[in-house]
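Chain and residue survey
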Amino acid sequence: MVSLLAKAPAYVSYVLNSISFVKMISYKTEAHLRSFLLSLYTGRCIVLYGLVLLSFHGFAQEQNRDTTLIRLKSTLENAQDDDEKLKALMTLGEYQIEYNIKQAETYLTQARQLAEANKVKLEDLAFIYNQLGVVNRRKAAYDIALELYLKSKDIYEKIKDTSNMADVIHNIGLVYRYQEQDSIAVKNFEEAIRLNKRMKDTFSLAAAYNMIGVSYRRMKQFDSALVNYERARNLFELLESEEDVRGVDSNLAVVYSRTGQFDKSLPIKLASLDYYKSQGKKMSICVGYYSLSTEYSRLGSHEIAKKYADSSLQIALNEGYKERIATAYVRRSAAYRDMKNFEEAYSDYRLFKKYSDSVYGRKSAERIKELELQYQLEKERNELEILSEERKHKIRLYIFLFLLAIVVGGLVGYLLWKNYKARVRIVADQLEKEKLKKELLDEKVKVSEAELKLLAEQIAANEKDLTNYTQQLLAKSQEQEALTKEMETLRSDMGTQITIPILQELANSKILTSEDWRNFKHKFNLVYPDFFKNITENGFQPTTSEERLLSLEKLELDSKEIANMLGISFESVMQSRYRLRKKWDVPKDISILEFLGT
């Protein structure tokens, strides 16, 4: 019962076109047609009831879409922050792809701008790139679509999201399919099938089987196409996805049509079109009209074929489906050609060329030249038939072909020359740029070598200056030590009550005076500019006396030399070092300087 109701619109449409159908199917006998119409009459009540239910179903679907769209827009308007706004834009964009491609592009572009301006999750950015790829693919901007798909694929590979990566690879296969590179498309679909099997993603697996079937069909490998369509249909039926089952049936109908089984293909196509209308799937409706135009053209009903081509073209123009605009024009051009209306056929073919040059390239140019020649020859033939001058007809035809050959040859030669000149100019520009880059690099190397040499000389001078100054201070400390010993000797010889004030004042003075320390520290910083900075950055705050001890340690002076330099005893140096270790909790097995990271 459900199956009959689902097919009711198709059968009604079939009856409405029965008169034309009689003319189309030359191989069908009148008896077969009467038998078929009688079977339709027997089920007329079921058909009418099904039509009523389908009308209500379509109305309910439209109401549901409106409600969903209002809810999604409300979510976007009430978004509290960028995260909520991004999610709402992504959801709206994905939803509108099937119903309003222009709105979908607007929402997804806003989502992309918001995502790229903020640090969002990589999976969100990959999702946006993938959906924008779908939009551009449907607009026939295949180069942009492929670029977006590859960006999405790179992200999914980085985050190891195999399921979504399979979906992107599937979409890349679609790009190559629309570019008529079906062998490459098949490789991508096979990879998508392998990944979807591993992830046990039944829906995506079914979609990949369906699309690889399309590519096999386009390569005229009909057996392989039918096998994959059957796999896809079984999986979609298992998932109870009616829309996708109908999509597979539509593809099966194309195979039936290509193999001359029109009694199978036409009812399927009519039923699918009615279903897509009830769902409001504009792209699917557009494709459905195109498919029916092709079907009626093969059956010889060129007027009906033209009407369906008109309907497909109207939707494609309204929605901006560039690739579908091109195919609709070429389909209608074929209908006009079959109707012997070569002027309209030529006009539509020129429009097809306008929209499809980026898609079909050289093939399109060759076909439009063929149609233009056919149109001109037909025009000449009609004129010559009116004049009934066979000789004039031949002469003018030869002249036309000769001139056409000259024009085509000249045009080809000019294009080849222009292309050659452009390539020479590009190569020359590249060589000039490389030369400039090399010169700049050589200049930078020379400057860097001079700077390094100057810096090395400066460091050597600073180290020498610091060494000399340190030696001076050491000599000063040694003189004081000798003077102190001499004073002790004098005291011993002259008695404790004899004082030598000058000697005492000299002996008790600091070896590193404030002025000495400033000079020493200045020279030390020239040689070790980051020494004290590193200590501070590592969280240590030494006092001035501790800085003096650490700097002398850095110069690798022994404890006795440090004592002489600072004018303190050997034991004081050891005690100071001990206090530093305790203060900063320095392990025993490493030096203080190692611990401080200097």
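What follows covers the overall build of the chain. Of regular secondary structure, the chain possesses 27 helices and zero strands. Put simply, the chain has 598 residues, and 39% of those count as buried. Restricting to contacts in the chain with at least 6 residues of sequence separation, those with at least 24 account for 58%. Per element, the accessible surface of the chain, about 35,100 Å² overall, is 54% carbon and sulfur.

Our focus in this paragraph is the nonpolar core. Ranked by size, the top nonpolar core spans 92 residues in total, and within it Ile-128, Tyr-296 and Tyr-308 carry the most contacts. In this structure, Ala-563, Val-573, Ile-592 and Leu-596 belong to the second largest nonpolar core, which totals 22 residues.

Our next topic: the packing of helix H9 (residues 162–178) against helix H11 (residues 202–218). For the pair H9 and H11, interaxial distance at closest approach is 11 Å and the crossing angle is 20°. Here H11 runs roughly parallel to H9, going by the angle between their axes. You can see that H9 and H11 cross each other, and the crossing is left-handed. Every residue of H11 that contacts H9 at His-170, Leu-174 and Arg-177 is listed here: Ala-207, Ala-208, Met-211, Val-214, Ser-215 and Arg-218. Here the contact of H9 with H11 is built from residues that sort into five nonpolar, two polar and two charged.

This model, assessed by the stated rule, comprises 21 salt bridges. Its salt-bridge partner being Arg-233, residue Asp-249 comes within 2.6 Å of it at the nearest N-O pair. Separated by 16 residues along the polypeptide, Asp-249 in helix H13 (residues 242–258) and Arg-233 in helix H12 (residues 222–238) bring together distant segments of the chain. For Asp-249, a relative accessible area of 15% gives the class buried. Connected via shared salt-bridge partners are Lys-306, Asp-310, Arg-332 and Asp-348.

The next subject is the packing of aromatic side chains. In total, this model carries 17 aromatic pairs according to the counting rule given. Ring centres 6.3 Å apart and planes at 35° place the aromatic pair Tyr-414 and Trp-417 in the tilted group. One end of the pair is Tyr-414 and the other is Trp-417, both in helix H20 (residues 390–494) and three residues apart, which spans about a single turn. Overall, Tyr-414 belongs to the partly exposed group, its relative accessible area being 43%.

Let us now look at the confidence of the model for the chain. Close inspection of predicted coordinates is inappropriate for parts of the model with low pLDDT. Confidence in the prediction for the chain averages 79 pLDDT; 75% of positions are at 70 or higher. Every residue in residues 1–60 scores below 50 in pLDDT, and together they form 50 contacts with partners more than four places removed in sequence or on other chains. Confidence drops under a pLDDT of 50 for residues 502–510, and excluding neighbours within four residues, the segment shows 13 contacts in the predicted structure.

This paragraph deals with the packing of helix H7 (residues 122–138) against helix H8 (residues 142–158). In the contact formed by H7 and H8, the axes pass within 8 Å of each other and the chain directions differ by 160°. Relative to H8, H7 is oriented roughly antiparallel. Read as a crossing pair, H7 and H8 show a hand that is left-handed. Residues Leu-122, Glu-123, Leu-125, Ala-126, Phe-127, Tyr-129, Asn-130, Leu-132, Gly-133, Val-134, Asn-136 and Arg-137 of H7 touch H8, and the partners they reach there are Tyr-142, Ile-144, Ala-145, Leu-148, Tyr-149, Lys-151, Ser-152, Ile-155 and Tyr-156. Partitioning the contact of H7 with H8 into residue classes produces 14 nonpolar, four polar and three charged.

Moving on, we come to the environment of Lys-220. Residue placement: Lys-220 occurs in the loop between H11 and H12. For Lys-220, a relative accessible area of 65% puts it in the exposed group. Taking the C-alpha atoms as reference, Lys-220 lies 9.2 Å from Arg-258; in sequence the two are 38 residues apart.

What follows concerns H9. The first and last C-alpha atoms of H9 sit 25 Å apart over 17 residues, in line with the 24 Å expected at 1.5 Å per residue. Of the residues making up H9, those classed as buried are Thr-162, Met-165, Ala-166, Val-168, Ile-169, His-170, Asn-171, Ile-172, Gly-173, Leu-174, Val-175 and Arg-177. In the core, the buried residues of H9 are packed alongside H7, H8, helix H10 (182–199) and H11. Positive phi shows up at Glu-180, right after H9, with a value of about 65°.

Attention shifts here to a negative patch on the surface. A contiguous patch of negative charge, built from Asp-81, Asp-82, Asp-83 and Glu-84, is present on the exposed surface. With respect to the helices and strands, the residue Asp-82 is situated in helix H5 (residues 82–96).

Look at helix H14 (residues 262–279): 26 Å from first C-alpha to last across 18 residues, which is about the 26 Å you get at 1.5 Å a residue. Here H14 lies mainly inside the structure; 14 of its 18 residues are buried. At the exit of H14 stands Gly-280, carrying a positive phi of roughly 75°.

So, how was this worked out
Residues numbered from 1 in each chain as written. Predicted model: local features only at pLDDT ≥ 70, side-chain atom pairs only at ≥ 80, totals over all residues. Heavy atoms only, no water. Helix = DSSP H or I, 4+ residues; strand = E, 2+ residues; numbered from the N terminus. Buried < 20%, exposed > 50% of the residue type's maximum accessible area, 1.4 Å probe, protein only. Contact = heavy atoms within 4.5 Å. Areas by Shrake-Rupley, 256 points an atom, 1.4 Å probe, with all protein chains shown as cover. Core = buried A, V, L, I, M, F, W, Y, C linked by side-chain atoms within 4.5 Å. Axes fitted to C-alpha atoms, helices over the stretch in contact; angles between N-to-C directions. Parallel < 35°, antiparallel > 145°, perpendicular 65-115°, else oblique. Left-handed = near helix turned anticlockwise from the far one by under 90°. Nonpolar A, V, L, I, M, F, W, Y, C, P; charged D, E, K, R; others polar. Salt bridge = Lys/Arg side-chain N within 4 Å of Asp/Glu carboxyl O. Phe/Tyr/Trp six-rings, centres within 6.5 Å; stacked < 30°, edge-to-face > 60°. pLDDT = per-residue confidence, 0-100. Expected span 1.5 Å × (residues − 1). Patch = residues over 30% accessible without salt bridge, like charges linked within 9 Å, V, L, I, M, F, W, Y side chains within 5 Å. Lys, Arg positive; Asp, Glu negative; His and termini not counted. Charge placed at Lys NZ, Arg CZ, Asp CG, Glu CD.

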